[in-house]
Amino acid sequence: AVVSTQSTGSGGSMEVVRAPHKRTRVIASQDEDLEKHIVTPGDVITQNLDFMKSHGTTLGNGHISSTVAGAIHKVDKLVSVRSVSSRYRGEVGDIVVGRITEVQQKKWKVDCGSRLDCQLQLSSVYLPGNVLRRKNLNDELMMREYFSEGDLICAEVAEVGNLDGMLKIHMRTHEKYGKLPEGLLIKVPSVLIKRSKLHFHRLPCNATVILGSNGFVWVGPHFIPEQPIEAISMTLRETIARLGNVIRALAAYGVQLFDTIILTGYDISLKYKVKELLKPEVMEHIAQESYEHSQHQTL
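Scoring rules and cut-offs
Residues numbered from 1 in each chain as written. Predicted model: local features only at pLDDT ≥ 70, side-chain atom pairs only at ≥ 80, totals over all residues. Heavy atoms only, no water. Helix = DSSP H or I, 4+ residues; strand = E, 2+ residues; numbered from the N terminus. Contact = heavy atoms within 4.5 Å. Phe/Tyr/Trp six-rings, centres within 6.5 Å; stacked < 30°, edge-to-face > 60°. Buried < 20%, exposed > 50% of the residue type's maximum accessible area, 1.4 Å probe, protein only.

### Quick look at the environment of F200
Then, number 1: Among the secondary structure elements, F200 is positioned in strand β17 (residues 200-202).
Then, number 2: In sequence terms F200 and D259 are 59 residues apart; their C-alpha atoms lie 9.0 Å from each other.
Then, number 3: Not counting chain neighbours up to four residues away, the residues in contact with F200 comprise I95, C154, K176, Y177, V209 and I210.

### Here's the deal with the packing of aromatic side chains
Two descriptors summarise a pair of aromatic rings, namely the distance from one centre to the other and the angle between the planes of the rings.
Then, number 1: Here the structure, examined in full by the defined rule, presents 3 aromatic pairs.
Then, number 2: Here Y177 and F200 contribute two aromatic rings whose centre-to-centre distance is 6.2 Å and whose plane-to-plane angle is 65°, an arrangement assigned as edge-to-face. Of this pair, Y177 sits in the loop between β14 (167-170) and β15 (178-179) while F200 is found in strand β17, placing the two residues 23 residues apart along the sequence.
Then, number 3: Judged by its relative accessible area of 4%, Y177 is buried.
Then, number 4: Of the residues examined, F200 reaches a relative accessible area of 18% and is grouped as buried.
Then, number 5: With 5.5 Å between their ring centres and 80° between their planes, W218 and F223 make a pair best called edge-to-face.
Then, number 6: Given a relative accessible area of 0%, W218 falls into the buried group.

Following this line, the structure appears as structure tokens:
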């Protein structure tokens, strides 16, 4: 605020407080760079009125501005803002990681971080032996043999409900989807996971990372679905824990997650012990160095 002193007619003085001049922040000068930015309420997203506003945005004074804090999402000429603190809103084709919460008649309820639990129909899964056939009563009685409460699974969004937004997921192939073995589950804001063609990453440090579009990140050993895995060694356990702490550090500072930046953060973290990676100053160092390195690579 600006404070000024004005004299009165009786010889006294009076302080006048004026509101500060409102400064409007324009996010990007070119429309193709929109999705590279995080916005706060009131920020001008674009001054190009060829775009159409969607949720999280408003139109006024010749520009489209944000009404929430989050990441810009652009589909053709439709611009929206995904709030960092909002629940996951699924889209058909998303790869999700979830936990079985309930076994019901011919379906499972799965927690995927959305407003409502996802549904996994018995008819939408491959049976042991890579068989996709019509399910019968015996299959229904053995549902807990396939997936039981507490199991972690990986699946794909097949349908989004028009009325309530409930997600229906399926496992259209046995090669990638199914029950996940022992590993580490990390929950981050779904806005930090960029939708891409590849969400399964076999890293050179002998670990696998699955970046679920719903913000559920699974870190564990290399595995092949429906095949037993060997006992996890202490070295691999330390690697998994280190990767998990790196992902937490990146997410804590709002860094978008993908395979190369996770590997960069892992390499930077090697000079620290695993338990030291949760210190605030170390988390900040890893996040900043990883982000700067990724920015140099894109230039």
